[in-house]
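Overview (structure and organization)
The lines below spell out each chain.
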Amino acid sequence: MKIVAGCDVGSLTSKAVIMRDGKIIGASIIRSKPRPKDSADAALESALKDAGISKDDIGYIIGTGYGRDKIGFVDEVVSEITCHGKGARWLLPSVETVIDIGGQDCKTVKIDADGQVVKFTANDKCASGTGRFLEVMAKVLGISVDDLGKLSLKAKSPITLASTCTVWAQADVIKYINSGVSIEDIGAGINTAMAARVAILVNSLKPKGDILMTGGVAKNVGVVSTLEKLLGVKIKKARKADPQIAGAIGAALLSLEKVNGKKS
Amino acid sequence: MIVAGCDIGSLTAKAVIMENSKILSSSVIRAQTKPSDSANQVMAKALKNAGLAMKDIGYVVGTGYGRELIPFVKSVESEISCHAKGAWHIMPSARMVIDIGGQDAKATRMNANGAVARYIYNDKCASGTGRFLEVMAEALEVPLEEMGAMGAKSKEKLSISNQCVIFAETEVVSLVNEGKESADIINALHHSLAKRVAALARSIDVEQDVVMTGGVAKNSGVFNALSEALNIKMKSLDGVDPQIIGALGAALYAQEKAARQ
Amino acid sequence: MRPEMREYNYDWMMGSLLNVAAKVPHGTPKETELTYRYIPYFKSGLSALINVGPPGIQFLSLVAKYYENILTAREQGKKIAATTFCNTPAILYAMDIVPATFEILTAIGCLVWKRGMFDYMDYCCEVGMPETSCSSQRGALGAALAELSEKIDFVICDTPGVCDTNANAFAFASVYMDKPFYQLNYPSTIGDGRSQKYHIDDYKEMIRFIEEHSGKKLDYDRLKEVLREIDKQDAMIADMEDMLMLRPTPIPPIFNVMLYAARFCFSGHPEYTKLLEVMVDTARKRAAAGIPGLSAGKEKLRAFMCYIDHYTVDMNFYNFFEERGIAHTGSILTRNFRDNNKYVETLPGNTYGVDTSSPDAMLDSIAQMNARLPMVRSIRGPYDRNGMWLEESLACAKLYQADCVIYNGTPGCRNTWGMVKPFARDMEKQGFPTHIMYDDAFDDRVEAWDATRERLDEFFHVRGLL
Amino acid sequence: MNIFYDAATKVQSQSIIDWKAAGKPVVGYTCSYTPAEIFYAADILPVRLRGIETEGMEVGDTYFGPFICSFPKCILQLAGKGKFDFLDGAIITPGCDGMRRLDECWRKAGEDFQGIVPGYFYYFDVPHKAENHGMAWYIDEIRLLIKSIEDHFKVNVTDKKLTAAIKEFNKGRRLLKELEDLRSGDDVVVSGTEAFAATVAGTVMPRDEYTAELKKWISSLKKKKKSLSEDKKRLMVVGSVSDEIDLFQLIENTGKAIVVAENLCFGIRYEGNEVKEDGDPVEALAQHYLGSSVCPRMYGKYKERVNTLKERIDYSKVDGVVMQNIRFCDLHGAENALFARDLDKIGIPSLRVEREYGPHIDAGRMKLRINAFLEQISGKQQMKKTAERKAAVSA
Ligand SMILES: Nc1ncnc2c1ncn2[C@@H]1O[C@H](COP(=O)(O)OP(=O)(O)O)[C@@H](O)[C@H]1O
Ligand SMILES: Nc1ncnc2c1ncn2[C@@H]1O[C@H](COP(=O)(O)OP(=O)(O)O)[C@@H](O)[C@H]1O
Ligand code: SF4
Ligand code: SF4
Ligand code: SF4
């Protein structure tokens, strides 16, 4: 029996995926704890419970994500860029370009038919193109990140955020709240600002083929739909699983390849 | 005539009530979401402290980033002018004030009459402001008020290098993960902030005496680190809460304007 | 870049817009109303131009003409050279080449479109240029890289030694579009024999380059005509400069941008002469009648822009000056450094003259003139050296009796941001309250105009100027 | 090796201390367009100025604006903190705009911090073009510099001494070429970190000592058998100015890569060719320094540079190129984009990263990118192998 797992310890959330014969039998997403090791343990435990198996049943585990070097139980670590590529391919076999926006940064990855990374770019200049930006803004608006995305759908005239610095943008948002602008218009403005920054990064990679978004921000419909507008293409939806766990899926798939001895 | 100054900042709201250049009472509260609420509440508190009612106040000047939204003011003044005026009133030997609030950091130079000679704001980044400390305090789960004292216990020298507040927060989190002591991290944060602000002050020429105002002045760690970075002894506004200096300056403006009326 | 942006030919769109704008003042009120409805983001800018009377109207047609030249260059069998505002187009006119000056094209786009030139600026980043490079080229350059503007034939860059980010943008363009490239390079000194000689050698080399890539020989008779035109133009510019000294000055703030923008477009060309004639005429009449340049009527303050102006959104910046009663006493772009000008009296060795007596004299004249265009003249060397930025700014601020000095540029400007803090400190020591603006002259997204205005107001207020 | 490491990782290294102790002057310079041979000929120690060991940026930020590359800011910071007190002179060059403004910023800082500006402070005006008049200008500049050094330091720089200096420097250049040859083989016996440290050391050490040490070290390397490159990706580092040993260490610490080549200012970018040893020495120096157009500050020479890059990649059998640029470095930032595009066309993978200059900043982020890049390269090679195997089977 080939049971494998992948564990993705991100800055905001930690994810674990357990697979048997290439099918997900258990998955989890938890809020990251201060210590990456604890996050990994908790995520794996929760996924094991979901799958109803014990840790000893797992043949191979690959760790990924920003805290990957601190996970206690993994056999190997692989970068999240590679894992998201793999995971995305599994979620949607036709995908050629992956946009992964997590809490810490934003990456665009071009992959081949194997899910192998051909090229990638990553933003690291400023927090404003990352999920963290949305978190900070959601907090100011007093809503959850889950709801932030939906605000765009109801907006009438979205605000324009002038500042790219997350902390300043926060101040701008407070100003708008105080001057009575509707929360929908503010939310939409936030999502648009985010999408605009991401679009430049994506375009710099000259995306082609089907595009899939992974990472937590893929669940923000406001960002996704604005990004579609800016890129002029439809972004495909992942139906097989939550796009936020794409990295963990990729790690599990790489584990599977490992136990199958496909790669050195 | 009794006058007042009201300073609505991003984190706190401050009010000072004054008669014949004497402070009758003052108050500091956490800012509410709506600046007008902050203003009403902070004013009510100050009035209560002084045993006065709003009708007793002849003139109110507003300042701070929410100044345009204060319902009861007669006129407004910029924070630059107010902090300079307030600081100079307390300490006429002051030639420079360094005000670090929640939103920005400013250095202002004054001439012998207390008039503003030059001023400068922090660059286009929040890393030199009080907000920086707020975010870090939250990440470290330490109350803002205790940061100064905690930082003083530092033994190991660390450094925080990231410019972006959000990324610096991650840097702090990794230091925690590496098992570094909070005291050491806090001390590093104070120095990092102080160095940024020192560059600001220096670029318009530092002239003694230098005083510090704004909420961050209450943080002894930043105060000392800034003195060190500037290589001078900054003066403390003994006895007066540095956080109310903006409101005090506004009250002084109110006095002047009322006299001119 | 958003896909729909790719469907419009940027040049053509801009050309049509400007063409319409140029016709507005000649239409009936009803036609005017109708046109305004179609250009909502250029409405107040356009009316501001129209309101200054014949000079504004002439200026509109000049800009339209400039665009038309680019759009019709191919039909007329002319080559297009991509170049910078630091390079005089006069030589190109003398050689029958059409200039496409990136900074001018960017500025115009910024002034007339809702989204300014943002999409094009971002496109440069999409193809790999750093987002920290200067926005003044990135606008028009983006359109060129995306192949949305008329194809250029070669690149003449005029800023190596003066501004990296500018030079770099042109070098990038030439590689990316695979077009021949020439760089005019500047030493860090001016006025000494060595650098004078260097300028002329470099300039001759450039002419050889243009000849090679355009297949046209420089015709000295035409050059003579162009220089004579410049002579006329310089005299009129000097007249305007003199009137700027009057208190109150009869020169409206907007005249400043017209003066230099038109010079960058049409130096040595009769188009510019025509405009200057109208400008001088209007200014003289105003001066004679004692009408101040500011529509507010009263001149409350005189500000000197030590660097460039602010070009985003509907000429807000100039309107702001008008509303506050602030006279604009020029910027680094305004001055031309022709010998005998007033402000050069304290800056010997920094000027050029026009001598048409021989081919060599002509070449030397135009080369030395080019070496004294804005930026390449005074920010080539350390700012506190002889004749450089500090001296120039002080000379101008004093001569035009400025009450304060304002720096405005772009975050891309390594060159000035490298030392503007010490510069401002020195200006202050000389008694000029100096304000550093932290916005981007071409990109509103860096700092919204509202915030910029607030900081300006604060400066005027806190420093007791207004 | 230790002597190189000491020199490469300390602003005030032992060899500088020893030199000063002998009572001889030290002159700092900021850009590799300064012919260091001149100083050698004057018995002055030329030291390339660097920004390592900075803590904080309060001095740098006081004078420079916020949108400036952190490298010159770090130099100013060190100067302000007295870390360059050992300098008797400094040469400022308009390499790029950030660097040339170091002239004003340093002098202005000197008004506020006593004694931080060396007694000899010289602006060396290097043009951006090497053709005819550009070269003539540069030759004049060199002669003016020599004259000024002679006057200030009361020395005599003769053509003979210059020629001797060129010969001595050329020895080092030949040795570095040998080092390159060693690294280009299939089995590389020296890590990129060590090799880079040795190269950087050459910019700050007394040349005789350097040449001797380098010679010793290289002959010891030649005896080494243990291959460090087995199962590792062969990388090359290019882009903005760098003297950071940490950067190389970070890459090699992944355990999956070895740096076999670089094309950096401070690295061997300049050491490639020898200076002509006959004829007029000043002209020979000028031809070498200005003529090779290795830095993007030489506008319009992109084609030459991309060709050199391709040759090096070929020669050192590079699997992938790490292109870094310091934030606000337009020159290298834009050129990296063009490099990436052109290398892509010939199937060489590259990674572009924008970063801050300075010790250990953003190490985590950098590590992630390097790792992902290495995974990308191995996947690519894996595929190539599979394809080859398949082709072999079907044949
Ligand atoms: N349900 C949701 N709807 C919209 N956005 C979400 C949702 N869940 C998470 N996000 C966004 O995703 C980000 C976290 O992404 P994630 O991929 O988990 O990051 P990381 O891997 O770095 O921890 C959050 O910052 C938030 O902006
Ligand atoms: N008691 C305290 N001890 C230490 N720091 C404080 C204290 N109170 C406030 N601060 C600091 O002061 C900042 C707020 O300063 P304040 O002048 O009130 O700002 P604002 O006027 O923008 O509201 C906070 O960000 C925090 O860093
Ligand atoms: S504004 Fe500055 S950066 Fe831009 S072109 Fe002019 S000199 Fe260069
Ligand atoms: S990168 Fe170029 S300009 Fe910068 S120091 Fe090196 S050689 Fe000089
Ligand atoms: S890295 Fe770039 S910007 Fe920085 S000093 Fe070198 S050439 Fe200049």
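None of the values given here were measured: they were computed from a predicted structure.

**A closer look at the sheet that holds strand E1 (residues 80-83) of chain C**
Residue and element names in this part refer to chain C. The 4 strands lie next to each other as E2-E1-E3-E4, forming an open sheet whose pairing is parallel. Each end of this open sheet is capped by a strand with a single partner; those strands are strand E2 (98-101) and strand E4 (181-183). Across the sheet, the mean angle separating the axes of adjacent strands is 25° when strand polarity is ignored. The pairing of strand E3 (residues 154-157) with E4 spans 3 bridges and is parallel. Each bridged residue has a counterpart across the sheet, and for Ile-156 the counterpart in E4 is Tyr-182.

**Some thoughts on the pairing of strand E4 (residues 60-64) of chain A**
On any regular strand, side chains alternate: one points to one face of the sheet, the next to the other face. Residue and element names in this part refer to chain A. The buried fraction of E4 is high, at 5 of 5 residues. Every second residue of E4 is oriented toward a common face, with Tyr-60, Ile-62 and Thr-64 on one face and Ile-61 and Gly-63 on the other, all of them buried. As paired elements, strand E1 (residues 3-9) and E4 share 5 bridges and run parallel to each other. From the neighbouring strand, Asp-8 faces E4, where its bridge partner is Thr-64. Inspection of the sheet shows E4 paired to strand E5 (residues 76-77) by 2 bridges, in the parallel sense. When the bridges of E5 are listed, Gly-63 appears paired with Val-77.

**Concerning the confidence of the model for chain A**
For residues with low pLDDT, the predicted coordinates do not support detailed interpretation. Mean pLDDT over chain A stands at 88; residues scoring 70 or higher make up 95%. The spread of mean pLDDT over the elements of chain A runs between helix H5 (residues 166-178) of chain A, the lowest at 77, and E4(A), the highest at 96.

**Remarks on the site of ligand 3**
All names here are of chain C. In the vicinity of ligand 3, the contacting residues are Cys-134, Ser-136, Gln-137, Cys-163, Thr-165, Asn-166, Tyr-307, Met-375, Gly-412, Cys-413 and Asn-415. Where the shell around ligand 3 is concerned, the elements lending two or more residues are helix H8 (135-145) and helix H9 (164-177). Mapped onto the domain boundaries, the shell around ligand 3 takes at least three residues apiece from domain 1 (3-218) and domain 2 (221-462).

**A few points about the pairing of strand E1 (residues 26-29) of chain D**
Residue and element names in this part refer to chain D. Every second residue of E1 is oriented toward a common face, with Val-26 and Gly-28 on one face and Val-27 and Tyr-29 on the other, all of them buried. Two strands pair when backbone bridges link them, and E1 and strand E3 (residues 89-92) are joined in this way by 3 bridges, in the parallel orientation. Following the sheet pairing, Tyr-29 is matched in E3 by Ile-91.

**Regarding the interface of chain D and chain A**
With 17 residues of chain D in contact, the opposing surface of chain A contributes 22 residues. Contact between chain D and chain A buries roughly 1,600 Å² in total, counting both sides, with carbon and sulfur atoms accounting for 49%. A per-residue breakdown of the area chain D buries against chain A is headed by Leu368(D), Arg369(D) and Gln376(D), which together make up 33% of the total. Along the contact surface separating chain D from chain A lie 2 salt bridges. Linking Asp105(A) and Arg369(D) is a salt bridge whose minimum nitrogen-to-oxygen distance equals 3.4 Å.

**Brief notes about the site of ligand 1**
Residue and element names in this part refer to chain A. With respect to spatial proximity, 20 residues lie near ligand 1, and among them Leu-12, Thr-13, Lys-15, Gly-103 and Gln-244 are the closest. Contacts to ligand 1 include Gln-244, whose side-chain N or O atom sits 2.8 Å from an oxygen atom. Here ligand 1 loses 90% of its free accessible area of 580 Å² to cover by the protein chains. For the shell around ligand 1, the secondary structure elements donating two or more residues are strand E2 (13-20), helix H3 (131-141) and helix H4 (145-154). Considering every element that reaches the shell around ligand 1, the biggest residue donor is H3, with 4 residues. Formed jointly, the shell around ligand 1 draws a minimum of three residues from each of two domains, domain 1 (1-92 + 240-264) and domain 2 (94-237).

**A few points about the packing of helix H18 (residues 420-429) of chain C against helix H7 (residues 102-112) of chain D**
Interhelical geometry of H18(C) versus H7(D) gives an angle of 55° and a closest axis separation of 10 Å. On the basis of the axis angle, H18(C) is oblique to H7(D). Only Lys108(D), Glu111(D) and Asp112(D) of H7(D) make contact with H18(C), whose side of the interface consists of Pro422(C), Arg425(C), Asp426(C) and Lys429(C). In terms of residue class, the contact of H18(C) with H7(D) is made up of 1 nonpolar, no polar and 6 charged.

**Re the side chain of Asn408(C)**
Residues and elements named next belong to chain C. With respect to the helices, strands and loops of the structure, Asn-408 is situated in the loop between strand E7 (404-407) and helix H17 (414-417). With relative accessibility at 0%, the residue Asn-408 sits in the buried group. A distance of 2.9 Å separates a polar side-chain atom of Asn-408 from the backbone oxygen of Asp-309.

**Here we look at the packing of aromatic side chains**
Both the distance between ring centres and the angle between the ring planes are used here to describe each pair of aromatic rings. Residue and element names in this part refer to chain C. By the definition in use, this model includes 44 aromatic pairs over all chains. Taking 5.7 Å as the distance between ring centres and 90° as the angle between the ring planes, the aromatic pair formed by Phe-154 and Phe-209 counts as edge-to-face. With Phe-154 in strand E3 and Phe-209 in helix H10 (residues 193-214), the pair connects residues that are 55 residues apart, well separated along the chain. On the basis of relative accessibility, which here comes to 8%, the residue Phe-209 falls in the buried class.

**Focus on the nonpolar core**
Residues Ile98(B), Tyr10(C), Tyr311(C), Trp389(C) and Trp106(D) are the most contacted members of the largest nonpolar core, which totals 386 residues. At 11 residues, the largest contribution of residues to this core is made by helix H12 (residues 253-266) of chain C. Not counting the four nearest positions on each side in its chain, Trp389(C) is found in contact with Cys306(C), Tyr307(C), Ile332(C), Ser378(C), Ile379(C), Tyr383(C), Tyr407(C), Thr416(C), Met419(C), Val420(C) and Phe423(C). Within the second largest apolar cluster, 39 residues are counted, among which are Tyr33(D), Ile149(D), Leu162(D) and Phe169(D).

**Here we look at the pattern of salt bridges**
For the structure on display, the rule yields 103 salt bridges over all chains. Notably, a salt bridge pairs Lys10(D) with Asp6(D), separated by 2.4 Å at the nearest N-O pair. What makes Lys10(D) partly exposed here is its relative accessible area of 38%. Ionic pairing is found between Glu213(D) and Lys216(D), a salt bridge with its closest N-O pair at 3.6 Å. Note that Glu213(D) and Lys216(D) are positioned in helix H11 (residues 207-223) at a spacing of 3 residues, about one turn of the helix. Judged by relative accessible area, Glu213(D) falls into the partly exposed class, the value being 21%. Classification of Lys216(D) by relative accessible area gives exposed; the value is 54%. Ionic contacts of the salt-bridge type, sharing partners, join the residues Asp384(C), Asp426(C), Asp103(D), Arg107(D), Lys108(D) and Glu111(D) into one network.

**Side note on the interface of chain C and chain D**
Where interface size is quoted, it is often the accessible area lost as the parts come together. Listed as interface residues are 52 residues of chain C and, on the opposing side, 47 residues of chain D. When the two sides are added together, the surface that chain C and chain D hide from each other amounts to roughly 4,200 Å², 53% of it contributed by carbon and sulfur. Contact with chain D buries surface across chain C, with Asp164(C), Arg194(C) and Arg414(C) losing the most and accounting together for 17% of the total. At the surface where chain C touches chain D, the tally comes to 10 salt bridges. The partner of Asp384(C) in a salt bridge is Lys108(D), with the nearest N and O atoms 3.9 Å apart. There are 35 residue pairs in polar contact (both at pLDDT 80 or more) connecting chain C and chain D. Ranked by the residues each element gives to the side of chain C that touches chain D, the list is headed by H9(C), at 8 residues. Here the side of chain C that touches chain D is composed, by residue class, of 22 nonpolar, 15 polar and 15 charged.

**Here we look at the sheet that holds E4(A)**
Sheet strands associate in pairs through backbone hydrogen bonding, adopting either a parallel or an antiparallel arrangement. All names here are of chain A. The strand order across the open sheet built from 5 strands is E3-E2-E1-E4-E5, with neighbouring strands paired in mixed fashion. Edge positions in the sheet fall to strand E3 (23-31) and E5, since each has one partner strand and no second. Of the strand pairs in this sheet, E2 and E3 are connected by 8 bridges, and their pairing is antiparallel. Its bridge partner lying in E3, Thr-13 is registered against Arg-31. Sheet contacts for helix H1 (residues 36-51): E1, E2, E3 and E4; angle to E3, the most-contacted strand, approximately 140°. Taken strand by strand, helix H8 (residues 246-259) contacts E1, E2, E3, E4 and E5, and its axis lies near 145° from that of E1.

**Let's talk about H8(A)**
Residues and elements named next belong to chain A. The end-to-end C-alpha distance of H8, which contains 14 residues, comes to 20 Å, matching closely the 20 Å that a straight helix rising 1.5 Å per residue would cover. Counting buried residues in H8 gives 12 out of 14 residues, a clear majority hidden from the surface. Within the sequence span of H8, burial applies to Ala-246, Gly-247, Ala-248, Ile-249, Gly-250, Ala-251, Ala-252, Leu-253, Leu-254, Ser-255, Leu-256 and Glu-257. Looking one or two residues past H8, Gly-261 carries a phi angle of roughly 70°, positive in sign.

What counts and how
Residues numbered from 1 in each chain as written. Chains lettered and ligands numbered in written order. Predicted model: local features only at pLDDT ≥ 70, side-chain atom pairs only at ≥ 80, totals over all residues. Heavy atoms only, no water. Pairing = 2+ DSSP bridges. Helix = DSSP H or I, 4+ residues; strand = E, 2+ residues; numbered from the N terminus. Axes fitted to C-alpha atoms, helices over the stretch in contact; angles between N-to-C directions. Buried < 20%, exposed > 50% of the residue type's maximum accessible area, 1.4 Å probe, protein only. pLDDT = per-residue confidence, 0-100. Near = heavy atom within 4 Å. Domains from an automatic or database assignment. Contact = heavy atoms within 4.5 Å. Buried area = accessible area lost by both parts, 1.4 Å probe. Salt bridge = Lys/Arg side-chain N within 4 Å of Asp/Glu carboxyl O. Polar contact = N/O pair within 3.5 Å; in protein donor to acceptor, adjacent residues only side chain to side chain. Areas by Shrake-Rupley, 256 points an atom, 1.4 Å probe, with all protein chains shown as cover. Parallel < 35°, antiparallel > 145°, perpendicular 65-115°, else oblique. Nonpolar A, V, L, I, M, F, W, Y, C, P; charged D, E, K, R; others polar. Phe/Tyr/Trp six-rings, centres within 6.5 Å; stacked < 30°, edge-to-face > 60°. Core = buried A, V, L, I, M, F, W, Y, C linked by side-chain atoms within 4.5 Å. Expected span 1.5 Å × (residues − 1).

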